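Notes for the structure review
Here is how the chains run, residue by residue.
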Amino acid sequence: MVWQSLSSKHFAKLSNTTKDYTTTDDLWEEKGYVVLPKCLDDDLVDQINADIQTAVDEGRIDFNYTQRKILFAYEKVPVLKKVINHKGIVAKLEELVGNKVVPFQSINFLKGSEQAAHSDSVHMASYPLGGLIAIWVALEDINEQNGGLFYYPESHKLPYATNADVGNQTGGLLSPNPNKNYEDYVQKQIADNNFKKEHFKAEKGDVLIWHANLIHGGLPHLDKSLSRKSMVVHYFVQDHICYHELSQRPAVVKGI
Ligand SMILES: O=C(O)CCC(=O)C(=O)O
C-alpha cells in the first residue's frame, strides 16, 4: 500500500461520480446561475466596506499573490460572517443542492480580478462531483468600466473537467503550469459549444449564485481609478470528499 495525492482518478471507477442536483429552480437548471437582487441591505454593505478598508490599512489582511484577492478575510473582519452565514443565502444554496452547505473560503476584492474563464469545480472538486456552490456579492454598483463578473450560461452542463482531460499529469505528478493547460481547454470548450458570454449587471447588495461547473471569470478592469468591491464565498456541500483537482490536494473541514 502507498499514499498518493488525491485527484479525480481515485473516484473514476466508483459509482455515482456525478450527483444529480435536480432542483425546482428553472433558471438554475437551464442557465447555471441564480440572482438574488438586493439581498443585502446598504447598511450591512457599507459596514463591510468600511471594516475591510480599515483591516487593509492596519495590515490585518492582505492580498494574495494575484494582488487582487484577499482570502479568508472573515477571520479578521467578523462582519463578513453575516454574509457567509446569511440565512436567506444559505437557504437558497441548500435548496439548490438539496443538502447542507459548509463554507470553504471567502475572497474579497477591491479591484476586478480579471481572472480568465474557468469553472470552480476543477479548483475545488468533490466526490461526488458538483459538491460546490458559490456566491458573488456586489459590494457596490458594477459597470462596464470596473471589471465585473462574466459567465457563460449553460456551460455548467459540460462534463466536469479533470487533469487528464486538459492534458495535465496525474498521480501526484504536477505539470509545469496545470492552470494554463486548463484555461486553454476552457477556451476551446467555449468556442466548440458556441457559448454566449453574459455580464452580471450588478447593483450594490445583489448576490449571484453560480453552479460548480459554470464557466465564469473577471472582465477587464478598464478604469483603474474606480474600485470594484465584491466578495466571493465558495461552499462545499456536506458529506462530500473535497479536494483540489489541479493541485491534487485534499481540503479538510475547519469550523468557521
Ligand atoms: O470576481 C471575479 O472577478 C471573479 C471571481 C472568480 O472567478 C472566482 O472567485 O471563482
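Use the structure listed above.
Residues numbered from 1 in each chain as written. Predicted model: local features only at pLDDT ≥ 70, side-chain atom pairs only at ≥ 80, totals over all residues. Heavy atoms only, no water.

**Focus: the site of the ligand**
Residues in close proximity to the ligand total 14 residues, the closest being Ser113, His118, Trp136, His216 and Arg228. Between the ligand and the protein, one listed contact pairs an oxygen atom with a side-chain N or O atom of Trp136 at 2.8 Å. Interatomic distance of 2.9 Å between a side-chain N/O atom of Arg228 and an oxygen atom of the ligand. For the ligand, whose accessible area on its own is 290 Å², the fraction buried by protein is 98%. Where the shell around the ligand is concerned, the elements lending two or more residues are β3 (101–109), β9 (216–218) and β10 (230–237). Classifying every residue of the shell around the ligand gives 6 nonpolar, 6 polar and 2 charged. (Near = heavy atom within 4 Å. Polar contact = N/O pair within 3.5 Å; in protein donor to acceptor, adjacent residues only side chain to side chain. Areas by Shrake-Rupley, 256 points an atom, 1.4 Å probe, with all protein chains shown as cover. Helix = DSSP H or I, 4+ residues; strand = E, 2+ residues; numbered from the N terminus. Nonpolar A, V, L, I, M, F, W, Y, C, P; charged D, E, K, R; others polar.)

**Section: the nonpolar core**
By size, the foremost hydrophobic cluster in this structure holds 35 residues, and its most contacted members are Ile133, Ile135, Ile209 and Tyr235. Looking at this core, the elements that each hand over two or more residues are β1 (33–36), α2 (42–57), α3 (81–84), α4 (87–97), β5 (132–138), β8 (207–211) and β10. Not counting chain neighbours up to four residues away, the residues in contact with Ile135 comprise Val83, Ile89, Leu93, Val207, Leu208, Ile209, Trp210, Met231, Val232, Val233 and Tyr235. If you look at the next biggest cluster of nonpolar residues, it comprises 15 residues, including Phe109, Trp136, Leu208 and Val232. (Core = buried A, V, L, I, M, F, W, Y, C linked by side-chain atoms within 4.5 Å. Buried < 20%, exposed > 50% of the residue type's maximum accessible area, 1.4 Å probe, protein only. Contact = heavy atoms within 4.5 Å.)

**With respect to the pattern of salt bridges**
Scanning the model with the defined rule gives 11 salt bridges in all. Across the pair Glu95 and Lys92 runs a salt bridge, and its minimum N-O distance is 3.3 Å. Pair noted here: Glu95 and Lys92 are both in helix α4, with a separation of 3 residues, about one helical turn. A relative accessible area of 39% means that Glu95 is categorised as partly exposed. (Salt bridge = Lys/Arg side-chain N within 4 Å of Asp/Glu carboxyl O.)

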